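Structural overview for review
The primary structure of each chain is shown beneath.
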Amino acid sequence: MEKRIYTDNFERFVKESADDFKMIPSKRVWHSIYNDLHPSRKWPSVLMCLFLLTGVLFVGYVNTTTSNNDLASIKNTTTDDINYAGLENKNNTQPLPSKTNTTTPINADDVKSNTIVSLSQPSTNGTNATSSQSLQDKNEYTSKNKNATKLFIAVNNISKSNKKIKTNATFNKLTTTTKTSISSNEDDVAAIENDNLNSSNKDIIDNTITSNEGITIEEVLAPKLQNENKINSLEKTLAQIQTNKPTEKLAVQDLANQNKPKKKSWKEKASMEFYATPSIGYRTLNAGPKYDANPFSANNGPLPTTNLDATNPMKNNAALNLETGFNVAYASSKRIKLKAGLQLNLTNYGITGNITSHPSPTTLATINGTTQAIEYTSLSSYIANNSNAIDKVHNTTYQISIPLGAYFKLLDKTNFDVFVGGSLQPTYIFGGKPNVISSDRKYYVNEGSLLRKWNMNTAAEAYINYKVGDINFLAGPQFRYQLFSTYNKNIAVTEKLYNIGFKVGVSKSF
Amino acid sequence: MTEELMIAGCLKNNASAQEALYNRFSPRMLGVCYRFGKNREDAEDMLQEGFVKVFTQMFQYRNEGSLEGWIRRIVVHTCINLLKKNKKFSDSLDIAYANGMHIREDMIPSIMQAKQVVECIRLLPLGYRTVLNLYAIEGFCHKEISVLLDIEESTSRSQYTRAKAMLEEILIRKKIILKPKEKIVYQAAVAPR
């Protein structure tokens, strides 16, 4: 390495060394420059994002619908398989055991094979079990319920037989009545007759039947007394079992729950809206609190600092603006609707002046009031004589925002609703052509870096929601206002945009 | 691609012409930004803003002087404006702070000379560094510097003198340059005391 000795040439040495120094910038720099210079090329990526977002929502919607259908088909299959009467009949609040169930009761093994068995209708043979219950719970429930049912029916039958005994004093009648009683309850107890009645119950009945020859009242009443004792003990046992069966309580609760009015699902409350709002856009232009209209007192005369419109010789005109986007609306109550979505905004207004090809240095009123004479020589247009102003430039911004709103239903008619509401819209400004007025009001400086990147918009609107089948059409006026200045914090001039437009859209429930 | 073609393409907002111009000049311009910036990220931000201005103001270039000089001037102004915007510059003109600053040997990287010199410049306080960059390297006069930085002309001069002395000391300690003879004589003269 060459060593430089001469101090006299120190500056030259430093300059040459510094001039030789190079660094390779990262690719991010070029991409950022490219995006700044060609903002329109961002649209494909924005559209792709919207497409992906819509795709994700659609896939989510389709999957949810499919899973519900599957569940319904499983439920139907299960109920058909177990041939359980009244399972699908939600109005049937009473347990109605079918003949199939009583003649061929579903035992624990059957429950195992049927993975989903609704407990919505408790049955006397105790074959119900909730799909959420474990298999063990199902078996316990089945076993307990069976026992309880057996005892219950046995007690009933014996009671009935005793009543018959009271009214029918002859053995034949008693026998017939007892048999008829059992037979009339055949549907309920056939299974129990086969194998569920315990031997003591059978004995009672058999004894009653067989011991009625040469009949006397006492003889007839003797077994009745015995039966009453048995009944008492059986009823005690039944009561004991009933108090120790939480699953049956659950079944009752489930039954009660089933008969409650059905809650609306989120799908019934939510809807998707697509809309567009063409509008007329203009701006307010004011000197900010720190505006210094006369940073170079020697060059420029003093200028008023309040109403810039009054001293601005340029013609500014309102122009067409557009908002478009989509949102998801959710009815949080009968009258309140909350909305959130994604929106693209194009804001615009016109400036009429004379565009020149001979740029002149100009200054912008910055917060500190100092000149930026070299920095801001970019000249868009100027005016020498307003009557000859013929060229038009547009003050444009491209924005993406997330509207978050709340709407109140004013009218609720059969075919249409009327809503009023508003939204806050955090907004990112990703491009545009701001023409910032110079401090002497003669020029506009077109400089992208002067734009504020983040802003906040507000919107107030009223619209009619017209219902046509599943689809709703909405239309109504909208007012939109920008809360912060279009320009960044270093620019003393504040410009706030506003739009008056008409929103049209379409919405559909999920 | 020749400079004329690049300029013509840039005036038509042609992306490939812009990229060609960027590829040709960006390494040297990033070196300029690096001298002004706090770190590489700062420098790249300055470069980005500078080149956006270059492309959007290309119509102002009138083929008077070299294209590189014109681009460099825009980039330098962008650097100054960003420094002023971030208030880095005005906060760093404290001379007392600069005088008390201690340059450690290990702060200076040992790489190629250009890089070494630039890194030594970057060791200076921001105020010193900016004035030295503008005066010694970018060729501004003190009057222009005073306008650019909103300081007195005399302040610019004194800042430069101190910056130069400090940089010289750093370069000598790093043995990038040798001590001047008169200083050695001076040291020899005072040694017997």
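Residues numbered from 1 in each chain as written. Chains lettered and ligands numbered in written order. Predicted model: local features only at pLDDT ≥ 70, side-chain atom pairs only at ≥ 80, totals over all residues.

1. Concerning the overall build of chain A
Helix and strand counts for chain A come out as 13 helices and 12 strands. Relative to its 510 residues, chain A shows a buried fraction of 30%. For chain A, the proportion of contacts with a sequence separation of at least 24, taken over those separated by at least 6, is 70%. (Helix = DSSP H or I, 4+ residues; strand = E, 2+ residues; numbered from the N terminus. Buried ≥ 20, exposed ≤ 12 C-beta atoms within 10 Å, placed from the backbone. Contact = placed C-beta atoms within 7 Å.)

2. Digging into the overall build of chain B
Within chain B, the secondary structure is distributed over 10 helices and zero strands. When the helices and strands of chain B are listed from N to C terminus, the series reads α-α-α-α-α-α-α-α-α-α. Evaluated residue by residue, chain B yields a buried proportion of 39% over its 193 residues. Excluding contacts between residues fewer than 6 apart, the proportion of contacts in chain B whose partners are at least 24 apart in sequence is 61%.

3. Section: the nonpolar core
Note on soluble globular proteins: their nonpolar side chains tend to be buried together. Membership of the largest hydrophobic core comes to 55 residues, with the highest contact counts inside it found for Cys33(B), Val75(B), Cys79(B), Leu132(B) and Leu167(B). The biggest single contributor to this core is helix H2 (residues 15-36) of chain B, with 10 residues. In this view, Cys79(B) contacts Cys33(B), Phe36(B) and Met46(B); residues no more than four positions away in its chain are not counted. Listed in part, the 15 residues of the second largest apolar core include Met314(A), Ile351(A), Leu450(A) and Val493(A). (Core = buried A, V, L, I, M, F, W, Y, C linked by C-beta atoms within 7 Å.)

4. Observations regarding the environment of Gly31(B)
Within the secondary structure, Gly31(B) sits in helix H2. For Gly31(B), a count of 20 C-beta atoms within 10 Å puts it in the buried group. Remark: the alpha-carbon pair of Gly31(B) and Ala43(B), spanning 12 residues in sequence, is separated by 8.2 Å. In contact with Gly31(B), not counting residues within four places along its chain, are Phe21(A), Lys22(A), Met23(A) and Val118(B).

5. A closer look at the interface of chain A and chain B
How big an interface is tends to be stated in terms of accessible area lost as the parts join. Across the boundary between the two partners, chain A contributes 35 residues, which contact 39 residues of chain B. Of all elements in the fold, only helix H1 (10-20) and helix H2 (27-37) of chain A reach the threshold of two or more residues within the side of chain A that touches chain B. A breakdown of the residues in the side of chain A that touches chain B according to their chemical character gives 16 nonpolar, 11 polar and eight charged. (Nonpolar A, V, L, I, M, F, W, Y, C, P; charged D, E, K, R; others polar.)

6. A short note on the confidence of the model for chain B
Residue and element names in this part refer to chain B. In the predicted model, chain B carries a mean pLDDT of 78, and the fraction of residues at 70 or more is 79%. Note that residues 103-111 has pLDDT below 50 and, in this model, 13 contacts with residues that lie over four places away or in other chains. Confidence drops under pLDDT 50 across residues 182-193; counting only partners more than four residues distant or on other chains, this segment forms one contact. Interface scoring of the predicted complex returns ipTM 0.76; its pTM is 0.39. (pLDDT = per-residue confidence, 0-100.)

7. Here's the deal with the pairing of strand S7 (residues 416-433) of chain A
Residues and elements named next belong to chain A. Judged from the six bridges that link them, strand S5 (residues 391-401) and S7 form a sheet pairing that is antiparallel. Bridging from a neighbouring strand, glutamine 399 pairs with isoleucine 429 of S7. Two strands pair when backbone bridges link them, and strand S6 (residues 404-412) and S7 are joined in this way by eight bridges, in the antiparallel orientation. Among the inter-strand pairings, glycine 405 is bridged to a residue of S7, identified as serine 423. Turn length for the S6-S7 hairpin, with the two strands adjacent in sequence and antiparallel, is three residues. Sheet analysis places S7 next to strand S10 (residues 454-468), joined by 13 bridges and oriented antiparallel. If you follow threonine 427 over to S10, its bridge partner there is asparagine 455. (Pairing = 2+ DSSP bridges.)

8. Regarding the pairing of strand S1 (residues 270-287) of chain A
Residue and element names in this part refer to chain A. Where S1 meets strand S2 (residues 315-331), 12 bridges bridge the pair, whose relative direction is antiparallel. When the sheet's bridge partners are listed, methionine 272 is paired in S2 with valine 328. As defined by bridge partners, S1 adjoins strand S12 (residues 493-509) across 15 bridges and the pair is classed as antiparallel. Residue pairing across strands places phenylalanine 274 opposite valine 506, the latter belonging to S12.

9. Quick notes on helix H7 (residues 126-137) of chain B
Residues and elements named next belong to chain B. For H7, spanning 12 residues, the distance from its first C-alpha to its last is 15 Å, which sits close to the expected 16 Å at 1.5 Å a residue. Burial analysis of H7 places 12 of its 12 residues in the buried class, which makes it a mostly covered element. Within H7, burial applies to Leu126, Gly127, Tyr128, Arg129, Thr130, Val131, Leu132, Asn133, Leu134, Tyr135, Ala136 and Ile137. Phi turns positive one or two residues past the end of H7, at glycine 139, with a value near 80°. (Expected span 1.5 Å × (residues − 1).)

10. Some details on unusual backbone geometry
Residues and elements named next belong to chain B. A positive phi angle, near 60°, is found at asparagine 13, a position not held by glycine. Even without a glycine there, the phi angle at aspartate 150 is positive, about 60°. Within the secondary structure layout, aspartate 150 lies in the loop between helix H8 (142-149) and helix H9 (153-173).

11. Remarks on the packing of H2(B) against helix H3 (residues 40-56) of chain B
In a pair of packed helices, the angle between the axes and the distance between the axes together describe the arrangement. Residues and elements named next belong to chain B. Closest axis-to-axis distance for the H2/H3 pair is 9 Å, and the angle between their directions is 135°. In terms of orientation, H2 lies oblique with respect to H3. The handedness of the crossing between H2 and H3 is right-handed. For the pair formed by H2 and H3, the contact residues are Gln18, Tyr22, Ser26, Met29, Leu30, Cys33, Tyr34 and Phe36 on the first element and Arg40, Ala43, Glu44, Met46, Leu47, Gly50, Phe51 and Phe55 on the second. When its residues are assigned to classes, the contact of H2 with H3 shows 11 nonpolar, three polar and two charged. (Axes fitted to C-alpha atoms, helices over the stretch in contact; angles between N-to-C directions. Parallel < 35°, antiparallel > 145°, perpendicular 65-115°, else oblique. Left-handed = near helix turned anticlockwise from the far one by under 90°.)

12. Remarks on the environment of Asn348(A)
Residues and elements named next belong to chain A. Mapped onto the fold, asparagine 348 is located in strand S3 (residues 336-353). Residue classification places asparagine 348 among the buried residues on the basis of 23 C-beta atoms within 10 Å. Measuring from C-alpha to C-alpha, the distance between asparagine 348 and lysine 433 comes to 9.3 Å, with 85 residues separating the pair along the chain. In contact with asparagine 348, not counting residues within four places along its chain, are Gly281, Ala319, Leu320, Asn321, His394, Asn395 and Thr396.

13. Notes on the environment of Leu30(B)
Residue placement: Leu30(B) occurs in helix H2. Counting along the chain gives 20 residues from Leu30(B) to Gly50(B), while the straight-line C-alpha distance between them is 10.0 Å. Excluding anything up to four places from it in sequence, Leu30(B) contacts Met23(A), Pro25(A), Ala43(B), Glu44(B) and Leu47(B).

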